[in-house]
Amino acid sequence: MELKRIHIERIIKECYWEYNITPEAIIKIIKGNDKRLKKKLFEKIMYNSTQKLHDLEMLFDKITLKIMFDEFKPSYNLSFIERYVLVLRNLLFAENNKIEALEWKKR
């Protein structure tokens, strides 16, 4: 997916509202080798983005995403974030995780 400034500006608005960060800084994080900064960006997206799937696919390759998901431990809003993690893993890695809260109920 093509990395566009408008997407990065939305990510900054939604995920980094408390910081003074530029689109160039986000691009530098994505293209750089600092795992800590990439992890922070990943977590910001997981907690705050309205377009998590799109943002993650646009910013990270599959290998990096797999590592990030495997290492991610939500620190708050656990049930909500854990559900999102399972949904995103299903979509990004073609996994088949059961999500009870989203299953159809039998009558």
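Residues numbered from 1 in each chain as written. Predicted model: local features only at pLDDT ≥ 70, side-chain atom pairs only at ≥ 80, totals over all residues. Heavy atoms only, no water.

Draft legend 1. Inspection of the pattern of salt bridges at higher detail. For the structure on display, the rule yields eleven salt bridges. Put simply, Glu9 and Arg5 hold a salt bridge, and the shortest N to O gap is 3.0 Å. Of this pair, Glu9 and Arg5 are both found in helix α1 (residues 5–15), four residues apart, which corresponds to roughly one turn of the helix. On the basis of relative accessibility, which here comes to 46%, the residue Arg5 falls in the partly exposed class. The network of salt bridges with common partners includes Lys66, Asp70, Arg89 and Glu95. (Salt bridge = Lys/Arg side-chain N within 4 Å of Asp/Glu carboxyl O. Helix = DSSP H or I, 4+ residues; strand = E, 2+ residues; numbered from the N terminus. Buried < 20%, exposed > 50% of the residue type's maximum accessible area, 1.4 Å probe, protein only.)

Draft legend 2. Broad picture of unusual backbone geometry. Here Asn77, not a glycine, exhibits a phi torsion of approximately 55°, which is positive. A positive phi angle, close to 55°, is found at Ala94, a residue other than glycine. For Ala94, the location among the structural elements is in the segment after α6 (78–93). Judged by its relative accessible area of 68%, Ala94 is exposed.

Draft legend 3. Representation of the packing of helix α2 (residues 23–31) against helix α3 (residues 35–48) within the structure. Contact geometry of α2 with α3 gives a least axis separation of 8 Å together with a crossing angle of 120°. Relative to α3, the element α2 is oriented oblique. In this structure, α2 crosses over α3, and the sense of that crossing is left-handed. When α2 is examined against α3, the residues Ile26, Ile29 and Ile30 are found in contact with a partner set consisting of Leu37, Lys38 and Leu41. Here the residues of the contact of α2 with α3 sort into five nonpolar, no polar and one charged. (Axes fitted to C-alpha atoms, helices over the stretch in contact; angles between N-to-C directions. Parallel < 35°, antiparallel > 145°, perpendicular 65-115°, else oblique. Left-handed = near helix turned anticlockwise from the far one by under 90°. Contact = heavy atoms within 4.5 Å. Nonpolar A, V, L, I, M, F, W, Y, C, P; charged D, E, K, R; others polar.)

Draft legend 4. Quick look at the nonpolar core. Judged by nonpolar contacts, the single largest core of 27 residues is most densely connected at Leu41, Phe42, Leu56, Phe60 and Phe69. At the level of elements, α1, α2, α3, α4 (52–59), α5 (62–71) and α6 are the ones that each hand at least two residues to this core. (Core = buried A, V, L, I, M, F, W, Y, C linked by side-chain atoms within 4.5 Å.)

Draft legend 5. Local environment of the packing of α3 against α5. At a minimum axis separation of 11 Å, α3 and α5 run at an interaxial angle of 75°. The angle between α3 and α5 falls in the class roughly perpendicular. Note on element contacts: α5 touches α3 through Leu65, Ile67, Met68, Phe69 and Glu71, opposite Lys35, Lys38, Lys39, Phe42 and Met46. Among the residues making up the contact of α3 with α5, the classes are represented as six nonpolar, no polar and four charged.

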